[in-house]
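These are the residues of each chain, in order.
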Amino acid sequence: SQQGEEDPQALSIQEGENATMNCSYKTSINNLQWYRQNSGRGLVHLILIRSNEREKHSGRLRVTLDTSKKSSSLLITASRAADTASYFCATDSGGGADGLTFGKGTHLIIQP
Amino acid sequence: EAGVTQSPTHLIKTRGQQATLRCSPISGHTSVYWYQQALGLGLQFLLWYDEGEERNRGNFPPRFSGRQFPNYSSELNVNALELEDSALYLCADRGEGTEKLFFGSGTQLSVL
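Residues numbered from 1 in each chain as written. Chains lettered and ligands numbered in written order. Predicted model: local features only at pLDDT ≥ 70, side-chain atom pairs only at ≥ 80, totals over all residues. Heavy atoms only, no water.

Caption draft 1: Representation of the sheet that holds strand β1 (residues 5–7) of chain A in the model. Residues and elements named next belong to chain A. Pairing is antiparallel in the open sheet, where 5 strands are placed in the order β1-β3-β8-β7-β6. Of all the strands in the sheet, just β1 and β6 (55–58) have a single pairing partner and so form its edges. Neighbour-to-neighbour, the strand axes of the sheet open up by a mean angle of 20 degrees, direction not taken into account. Two elements, strand β3 (residues 19–24) and strand β8 (residues 71–76), share 6 bridges in a ladder whose sense is antiparallel. Directly across from Met 21, in β8, lies its bridge partner Leu 74. (Pairing = 2+ DSSP bridges. Helix = DSSP H or I, 4+ residues; strand = E, 2+ residues; numbered from the N terminus. Axes fitted to C-alpha atoms, helices over the stretch in contact; angles between N-to-C directions.)

This is how it looks when you write it as structure tokens:
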């Protein structure tokens, strides 16, 4: 079953603009993570935010978490053509039983 | 340090056949997760192995099975293949003390 649901499903912007993707989830979590997938290959971990954190930064990435609304957002600033990929949020409810629960992803296209 | 490796990259089978997919985690990592990524459905949790034992399985029929070997590499077997089994199968591991997953590049299974 899907825990996270990303919004929008697809996003196309011009190079240099900022891209914002949202994620909603249903149950309580220990942490929420964002991953990137290029061309249907393996996923690469981008950033992790814990349930007691509200905002986190890593380079051009900014993640926010609102546990009261069960939602998160990923902001990519000053986008580049190489940022074109699918982005997934994943929730960790602890225990490791099923690893992480992933959403369906947002497909981001950066137009040069 | 080598990452998570999967083989083969592509696998083409016909309906009713059996498929065997392989995964080697990062050296020293003992946990292996298998996910199925069908088109448009995001990642669905299949199986979790740790220390040679199956610890949990997702909502998949029994014809999806696997095992983990003493060196922690893992095998996913899919029997009596159906057309809807066509998907990207991803293997991931989780090192001790870390909450993020490291993914392999996946095996693209096509059932004709």
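Caption draft 2: Representation of the pattern of salt bridges within the structure. Counted under the stated rule, the structure contains 10 salt bridges over all chains. Of the charged contacts, one joins Arg 62 of chain A and Glu 55 of chain A as a salt bridge, the two residues approaching to 3.2 Å between their closest N and O atoms. The partly exposed category is assigned to Glu 55 of chain A, whose relative accessible area is 39%. Residues Glu 75 of chain B and Arg 67 of chain B are paired through a salt bridge, measuring 3.2 Å at the closest nitrogen-oxygen approach. (Salt bridge = Lys/Arg side-chain N within 4 Å of Asp/Glu carboxyl O. Buried < 20%, exposed > 50% of the residue type's maximum accessible area, 1.4 Å probe, protein only.)

Caption draft 3: Summary view of the interface of chain A and chain B. Across the boundary between the two partners, chain A contributes 24 residues, which contact 22 residues of chain B. Between chain A and chain B, roughly 1,700 Å² of surface is buried when both sides are summed, and carbon and sulfur atoms account for 48% of that area. Here chain A and chain B share 2 salt bridges between them. A salt bridge links Arg 94 of chain B to Asp 92 of chain A, with the shortest nitrogen-to-oxygen separation between them at 3.4 Å. The set of elements that each furnish at least two residues to the side of chain A that touches chain B consists of β4 (31–37), β5 (43–50) and β9 (85–92) of chain A. (Contact = heavy atoms within 4.5 Å. Buried area = accessible area lost by both parts, 1.4 Å probe.)

Caption draft 4: Local environment of the state of the cysteines. According to the stated counting rule, one finds 2 disulfides over all chains in the structure shown. Disulfide pairing is shown between Cys 23 of chain A and Cys 89 of chain A; the S-S distance is 2.0 Å. Its torsion about the S-S bond being 65 degrees, the disulfide of Cys 23 of chain A and Cys 89 of chain A is classed as right-handed. Of this pair, Cys 23 of chain A sits in strand β3 while Cys 89 of chain A sits in strand β9, and the two are 66 residues apart along the sequence. Sulfur-sulfur distance for the disulfide between Cys 23 of chain B and Cys 91 of chain B comes to 1.7 Å. (Disulfide = S-S within 2.5 Å.)

It is worth stressing that arrangement in space is one thing and function is another; only the former is reported here.
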